[in-house]
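So the chains spell out like this:
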Amino acid sequence: KAGVTQTPRYLIKTRGQQVTLSCSPISGHRSVSWYQQTPGQGLQFLFEYFSETQRNKGNFPGRFSGRQFSNSRSEMNVSTLELGDSALYLCASRLGPPNTGELFFGEGSRLTVL
Amino acid sequence: QKEVEQDPGPLSVPEGAIVSLNCTYSNSAFQYFMWYRQYSRKGPELLMYTYSSGNKEDGRFTAQVDKSSKYISLFIRDSQPSDSATYLCAMSIPNTPLVFGKGTRLSVIA
């Protein structure tokens with residue numbers, strides 16, 4: 001059974017650009033969460049989607065957005081990139097509704113902003 | 001003060017040692033407690049999960065929760081080089097997202 005797949009794995013952008021990251025959950029999983037991981041702040045919750053609807057949102061500015069498609073695949077977008085957005089962005093999926101059951105993480109998309 | 005505090009290490013131990021990893025938390029509403037393991041260049045994977053005070057054992061791993069002290073621990077017995085990873089504690093209030101500690105980097109030296 002394939003795990004959570006994130007693309008791209010690595011990317012480099014410059015300040016002011018925007019970026020879109022993609023996540024394919026485990027087959028049959030309906031909830032997708034996004035986390036930002038940095039050495040200074042650790043893992044911080046961005047948002048969670050279930051049935052194409054955002055169910056929870058973390059404390060991040062509006063430049064961070066996401067969406068979920070009918071096949072449960074999800075994308076997150078960061079606009080007007082800042083140096084501080086350099087991080088590992090992790091996607092996680094779970095079988096059922098938000099905040100229930102085990103989270104399965106992908107390997108992440110490592111974003112470097114120059 | 002962050003909700004969950006975890007010593008980042010790094011922690012270096014010889015093979016076969018007993019490892020103790022700890023987290024403290026400030027929110028007494030947390031009810032679910034987890035430990036995740038993250039290998040280099042990989043995503044975190046769930047190692048242990050508990051929701052009650054006391055100990056839970058799984059092979060070489062024991063998770064301990066002390067709600068009165070707001071303190072959780074993970075013990076690794078007979079540590080192996082393959083245990084070298086970053087260990088993240090995580091906790092949640094029902095129906096809210098997980099809150100993670102920053103992680104402790106562990107190296108087990110053969």
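Now for a quick tour of the structure. Predicted, not measured: the structure shown is a model, and the values here were computed from it. (Residues numbered from 1 in each chain as written. Chains lettered and ligands numbered in written order. Predicted model: local features only at pLDDT ≥ 70, side-chain atom pairs only at ≥ 80, totals over all residues. Heavy atoms only, no water.)

What follows concerns the packing of aromatic side chains. Throughout the structure, instances matching the rule amount to 11 aromatic pairs over all chains. Ring geometry for B:Tyr32 versus B:Tyr49: centroids 6.3 Å apart, planes at 25 degrees, classification stacked. In this pair, B:Tyr32 sits in strand E4 (residues 32-38) while B:Tyr49 sits in strand E5 (residues 45-50), placing the two residues 17 residues apart along the sequence. Residue classification places B:Tyr49 among the partly exposed positions, given a relative accessible area of 34%. Among the aromatic residues, those joined into a cluster by ring pairs are A:Tyr35, A:Phe45, A:Phe105, B:Tyr36 and B:Phe100. (Phe/Tyr/Trp six-rings, centres within 6.5 Å; stacked < 30°, edge-to-face > 60°. Helix = DSSP H or I, 4+ residues; strand = E, 2+ residues; numbered from the N terminus. Buried < 20%, exposed > 50% of the residue type's maximum accessible area, 1.4 Å probe, protein only.)

Once that is clear, we can look at the interface of chain B and chain A. On the side of chain A, 19 residues touch chain B, which itself brings 15 residues to the contact. Taken over both partners, the interface formed by chain B and chain A buries close to 1,400 Å², and the fraction arising from carbon and sulfur atoms is 51%. Along the contact surface separating chain B from chain A lie one salt bridge. With its nearest N and O atoms 2.7 Å apart, the salt bridge here joins B:Lys42 to A:Glu107. Linking chain B to chain A there are three residue pairs in polar contact (both at pLDDT 80 or more). (Contact = heavy atoms within 4.5 Å. Buried area = accessible area lost by both parts, 1.4 Å probe. Salt bridge = Lys/Arg side-chain N within 4 Å of Asp/Glu carboxyl O. Polar contact = N/O pair within 3.5 Å; in protein donor to acceptor, adjacent residues only side chain to side chain.)

Bringing the sheet that holds strand E3 (residues 19-25) of chain B into the picture now. Residues and elements named next belong to chain B. Strand order in the open sheet formed by five strands is E1-E3-E8-E7-E6, and the pairing between neighbours is antiparallel. In the strand order of this sheet, the two ends are held by strand E1 (4-6) and strand E6 (54-58), each with one partner. Ignoring strand direction, the axes of neighbouring strands in this sheet form an average angle of 20 degrees. (Pairing = 2+ DSSP bridges. Axes fitted to C-alpha atoms, helices over the stretch in contact; angles between N-to-C directions.)

What follows concerns the state of the cysteines. Across all of its chains, the model carries two disulfides over all chains by this definition. For A:Cys23, the disulfide goes to A:Cys91, at an S-S distance of 1.8 Å. Handedness here is read from the sign of the S-S torsion; for A:Cys23 and A:Cys91, about -60 degrees, the answer is left-handed. Here A:Cys91 lies in strand E9 (residues 87-94) and A:Cys23 lies in strand E3 (residues 19-24), a separation of 68 residues in the sequence. By the burial criterion, A:Cys23 is buried, and A:Cys91 matches it. A sulfur-sulfur distance of 2.0 Å marks the disulfide that ties B:Cys23 to B:Cys89. The chirality of the disulfide connecting B:Cys23 with B:Cys89 is left-handed, given an S-S dihedral of about -100 degrees. Taken as a pair, B:Cys23 in strand E3 and B:Cys89 in strand E9 (residues 85-92) lie far apart in primary sequence, 66 residues in all. (Disulfide = S-S within 2.5 Å.)

As for its position among the elements, B:Gln38 is in strand E4. With 32 residues separating them along the chain, B:Gln38 and B:Lys70 place their C-alpha atoms 24 Å apart. Excluding residues within four positions of it along the chain, B:Gln38 makes contact with A:Gln37, A:Leu88, A:Leu90, B:Gly43, B:Pro44, B:Ala85, B:Thr86 and B:Leu88.

Our focus in this paragraph is unusual backbone geometry. Here the bond from A:Thr7 into A:Pro8 is cis, since omega is -10 degrees, no more than 30 degrees from zero. A cis amide bond, omega 5 degrees, links B:Gly9 with the succeeding residue B:Pro10. Checked against the element boundaries, B:Pro10 lands in the loop between E1 and strand E2 (11-14). Of note in this structure, A:Ser72 is not a glycine but carries a positive phi near 80 degrees.

Next up on the list: the nonpolar core. Residues B:Trp35, B:Ile72, B:Leu74, B:Tyr87 and B:Met91 are the most contacted members of the largest nonpolar core, which totals 24 residues. Secondary structure elements with two or more residues in this core: E3, E4, E5, strand E7 (61-66), strand E8 (71-76), E9 and strand E11 (104-109) of chain B. Counting residues in each nonpolar core, the second largest holds 21 residues, with A:Val19, A:Phe47, A:Tyr49 and A:Leu81 among its members. (Core = buried A, V, L, I, M, F, W, Y, C linked by side-chain atoms within 4.5 Å.)

In this section: the environment of A:Val32. Residues and elements named next belong to chain A. Residue placement: Val32 occurs in strand E4 (residues 31-38). Considering only alpha carbons, one finds Val32 and Gly108, 76 residues apart in sequence, at a separation of 13 Å. Apart from the residues lying within four places of it in its own chain, the contact partners of Val32 are Cys23, Pro25, Phe47, Glu48, Tyr49, Gln68, Ser72, Ser74, Cys91, Ala92 and Ser93.

These figures capture arrangement, not role.
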